[in-house]
Amino acid sequence: MTITLESVAVLLNLPIVGNFHYELSTEEKSTLDAILQKAEYYDQQKKYEKCLYTWWLSHWFPTKSRSSQTLDDELSVVAFLSLWLSRDIFDGGSGKKNIKHDLVMFAIKLAKGVVLPLGSLFLGSLYSYLDALAVDMRASNGCKKVESHIHIAFLQACLWEHFKDYAPVSATSFSSLYGGSRILRWQNKRQKPGVRIVDFLDNVYSIYFHPWGVAHSSVVQPKTFTTAPEIVLHTDGKDLNSGEIIFLRSCIPGYVPSYFDEFLIVVPYNIDRAARQMGFDQGIPFNRPRMPSKEIVSSVLNASLFATKQSL
């Protein structure tokens, strides 16, 4: 079992398809400079790091308007989105409070209404943090203390989703005002006392591979999937609803972008090695090309529905 693009799309309601172009217009470059200058101004003042988010909000969204300050609506939206991306989506659990400069470009595009594959970027970042955690565990050798950071809330929600006997009772409904993210089912929930995840990992019958919906009838389904009514999937991508788009995009192996250690890189998305989780017969995974260099991150960020010469 692995965490897929579908997991991110369903739990966090983040898009996994979309296109991002690095070229910024003159107006967008001006917005970028204004945001970065404000972030650098805070660093130069040597203020307490823990106060950054409070200061950022009070500056861009003051409770009382100051006569010397002219508020720009679009700039304020970019400032808010920069904070949201830096604090809530790509923080990684480190507790380090800062506005991540590379993410401001994404905030500018989002403010313009551009759909970006943030879900793909989140998943790639999570993979990078998991790889770093594995390295830290080896370095600790079971006796040394090593500080590691990871998005633990998302990982816990994934475990609760896929192992129902391990999970507490989830909320039956949650407000649509929050975008319908499924992770809200587990808000303020605590683990069952005396229950350990290791008691379920080796039991294939305790795993729910697709807990949030049925698999399409055109897919060879293992017993863990419930039956679905007859559904015809259009291979040209026309007339697909959002759920079908998410499912198909999640089944395409390749690479996903990652924001790790304040750098944009790419990491493998080897869903072909977990084909049964998506309802397919498990075949022999094909050889993945060499890991691409960070210079082609921009092409990986262009996440269309279908990818050529890649299939399960």
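Refer to the structure above for everything that follows.
An account of the accompanying structure is given in this report. Bear in mind the structure is a predicted one, so any value in this text is a computation, not a measurement.

Across its full length, the chain holds nine helices and two strands. Scanning the chain from its N terminus toward the C terminus, one meets helices and strands in the order α-α-α-α-α-α-α-α-β-β-α. Taken over 312 residues, the chain has a buried fraction of 43%. Expressed as a percentage of contacts within the chain between residues at least 6 apart in sequence, the contacts between residues at least 24 apart total 70%. In the structure as shown, the chain presents an accessible area of about 18,000 Å², 53% of it carried by carbon and sulfur atoms.

Counting residues in each nonpolar core, the largest one holds 74 residues, and the members touching the most others are Ile-35, Trp-56, Leu-85, Phe-90, Phe-106, Phe-122 and Phe-154. Contacts of Trp-56, omitting those with residues within four sequence positions, involve Ile-35, Lys-38, Ala-39, Ala-79, Leu-83 and Ile-99.

A word on the environment of Tyr-127. Tracing the backbone through its elements, the reader meets Tyr-127 in helix α6 (residues 118–140). In this structure Tyr-127 comes out as buried when scored by relative accessible area, which is 13%. Contacts of Tyr-127, omitting those with residues within four sequence positions, involve Thr-2, Ile-3, Val-256, Val-267, Pro-268 and Tyr-269.

Moving on, we come to the pairing of strand β1 (residues 254–260). The two faces of a sheet get side chains in turn, since along a regular strand they alternate between them. Burial runs high along β1: six of the seven residues are buried. Direction of pairing for β1 relative to strand β2 (residues 263–269): antiparallel, over a ladder of seven bridges. The partner of Tyr-259 across the bridge, within β2, is Leu-264. Following β1, the chain reverses through two residues before pairing antiparallel with β2; Asp-261 in that reversal takes a positive phi of roughly 55°.

Calculation notes
Residues numbered from 1 in each chain as written. Predicted model: local features only at pLDDT ≥ 70, side-chain atom pairs only at ≥ 80, totals over all residues. Heavy atoms only, no water. Helix = DSSP H or I, 4+ residues; strand = E, 2+ residues; numbered from the N terminus. Buried < 20%, exposed > 50% of the residue type's maximum accessible area, 1.4 Å probe, protein only. Contact = heavy atoms within 4.5 Å. Areas by Shrake-Rupley, 256 points an atom, 1.4 Å probe, with all protein chains shown as cover. Core = buried A, V, L, I, M, F, W, Y, C linked by side-chain atoms within 4.5 Å. Pairing = 2+ DSSP bridges.

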